[in-house]
Structures are given as structure tokens and as C-alpha cells.
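Each chain, written out:
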Amino acid sequence: MRRQLAQHVAGERIVESWADLERITRPSVREFVEGTEGTRILDVCRWGKQLFMPLDSGAHLLIHLGMSGRLHLEETPHESSTEPPERKHVHAVLSLESGHRLVFTDQRTFGELGIAPNRSFLAGKGPDPTDAAFDPEPLVAELGRHRVKIKAALLDQRLVAGLGNIYADEVCFLAQVHPATLACDVPEDGRRAIVAQLRPVLEQAIAAGGVTLRDGMYQDMFGTSGSYRPHVYGNVGNPCSRCGAPIDHGKLGTGKSARSYHFCPRCQIL
Ligand SMILES: [Zn+2]
């Protein structure tokens, strides 16, 4: 998404802004609209799952897709730019000087839009494995200090930024570590194997345009589905690509905060 935005909206001026949902707009709809309208998008950046665009005003436009947030780039004549499209779940429209408009939709509204005066929104976020300056060794050591399941540690954006359910399962599978092992109980070579998978997995997934599940929810800015095929996530009952055993799944935690995990019961022993 960042790559498409960088190609198509970096350098553009936002002629008009519209947003409608206070709950997902920081600090408020009014401040988001006032802070973005009339500004020029200088660049499109990403840290972990957080997309952000430095503006010529010095502020940053923030976009977090959450579970179901999507961005579309649409061609439209300037005259109609203030009218939000007649589609469901549209929560923001940025009309650009080129005549395109950037439309943010979010069915489940776990996404987030915002305007921020500086980069303090990145404070507390862990290293991004796709960052050129990423250093694996401190993360190998850090993971060993946590008494939580290794998959939960990998999902904790304060420890490492950018992994969700699919990719956390993926790196555990590739490193042959059971996702429910306590992070501090994963031997150092296991932790090193996991950390070594982070960048290649994320880079391959980015190159493939991400993962589009059977729900068809995730699409890129032009409606194209991702073609990355996870080894374990979404493959319960299918043979493991390494040993042929049927892929299994389990749960971390209980109740609302429970997270599922997917693994090969033969390659990933608890
Ligand atoms: Zn296997």
C-alpha cells in the first residue's frame, strides 16, 4: 500500500478533505479535515503497520488500516470532489489536485485516521524488520526476556513492529517453533531462526501484494488481491509443505482476547 501511495499520491496537494467518523479519526474529524486540506503530501512512509505521510505543513497524515480498512484511488472530475461516494463504509475522502481522490473505507472500523504534529506516534514501537537499519541481535535477546507465548510476543508491536496473525504464524512455521512456546523457553537458536525469517517473509509478502483471504477483504489501491500464500494460516487440514502432516490450529488465551494460531504438529513440537 505504501509503495502504491508513494507512486500515485506523493507530491500531490490535497484540495479538499472529508471525513465522518469521530471514533476512528484523531484527534477529531474537524482537526483532521483542517490539518490536511490545502497541504501537499511530501512522502509516504511506513513503520510496522502504521502508514504516515509527511505534509508540507510539517504535520503528518496518519493511516492505519486495522482489520478491514482499505484505500482506493479513484479518478473523478474536480467539480464533484466534495461529495462522498455513494458507497457503504466510506469514512474519508481526500481530493487531490490531479483530479484523483483517495478514498478510505472501513467496514469494521478498527482502522484509524489522524493528523499529528510530529512523529511521537512512533514512540514505543519496536523495530521494523524491513527497515535498512534493523539489527536482529537485540530482538533475539529481547524475545528471551518475555514470559508470554512466542506468537503473542511477535504480535506485540512494542517488541517488533509489523507482524499480524498471518505472518507471526508464518515465521514460527519456517523457524520450526511451536507458536504456544513461552518466548523465554525458546532456545536462542530458535529465537534467532524466527528473527532471521522476519525480513524475508515480510519482503516476499510485500512483493506479492500481501495475503487476500477467502473473505476477499484485503485488496490493493486498485482492487487487486494479494497473491502471497501462507504455509499454515488458512491451511488447517492441508498437508504441511515440509512433512505432509495435516496443519492444525489452536488458541492462545481465552475469551475475547484469544488469538488463534496455525502450525504443523510434526514440525513444530511444543
Ligand atoms: Zn510439517
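Note that residues are indexed from 1 along each chain, following the sequence as it is written. Where local features are concerned, this predicted model is filtered to residues with pLDDT of at least 70; where side-chain atom pairs are given and counted, the filter is 80 or more; whole-chain, interface and lining totals use all residues.

Details of the sheet that holds strand E1 (residues 14–19)
Then comes step 1: For two strands to count as paired, DSSP must find a minimum of two bridges between them. For the purposes of this entry, the term helix denotes a DSSP run of H or I that reaches at least four residues, the term strand denotes a run of E that reaches at least two, and both are numbered from the N terminus. Read from one edge to the other, the open sheet built from four strands follows the order E1-E7-E8-E6, with strand pairing classed as antiparallel. Each end of this open sheet is capped by a strand with a single partner; those strands are E1 and strand E6 (69–75). Adjacent strand axes in the sheet meet at a mean angle of 15° when their direction is disregarded.
Then comes step 2: With five bridges joining them, strand E7 (residues 90–96) and strand E8 (residues 100–106) adopt antiparallel strand pairing. Each bridged residue has a counterpart across the sheet, and for Leu 94 the counterpart in E8 is Leu 102.
Then comes step 3: Remark: residues whose backbone-derived C-beta atoms lie within 7 Å of one another are considered to be in contact. Axis lines are fitted to C-alpha atoms, over the contacting stretch for helices. Their N-to-C directions set the angle, which ranges from 0 to 180 degrees. The strands that helix H2 (residues 29–36) touches are E1 and E7; relative to E1, the one it contacts most, it runs at about 170°.

Description of the domain arrangement of the protein chain
Then comes step 1: Either an automatic procedure or a domain database provided the assignment from which the domain bounds are taken. Each assigned domain of the protein chain is listed here: domain 1 (2–122) and domain 2 (136–263).
Then comes step 2: Distance from the C-alpha centre of domain 1 to the C-alpha centre of domain 2: 29 Å.
Then comes step 3: At the interface, nine residues of domain 1 touch eight residues of domain 2.
Then comes step 4: Per-element tally for the side of domain 1 that touches domain 2: the top contributor is E6, with four residues.

Brief notes about the pairing of strand E9 (residues 112–116)
Then comes step 1: Of the pairings in the sheet, the one linking strand E2 (residues 25–26) to E9 comprises two bridges and is parallel in character. Considered in E9, the bridge of Thr 25 is made with Leu 113.
Then comes step 2: Pairing between strand E5 (residues 60–64) and E9: five bridges, direction antiparallel. Bridge pairing links Leu 61 to Ile 115 in E9.

What about the pairing of E5?
Each regular strand carries side chains that alternate between the two faces of the sheet.
Then comes step 1: For strand E4 (residues 50–54) and E5, the ladder comprises four bridges, and the chain directions are antiparallel. Paired with Pro 54 across the strands is His 60, a residue of E5.
Then comes step 2: Here E4 folds back onto E5, and the loop between the two strands holds five residues, one of which, Gly 58, carries a positive phi near 95°.

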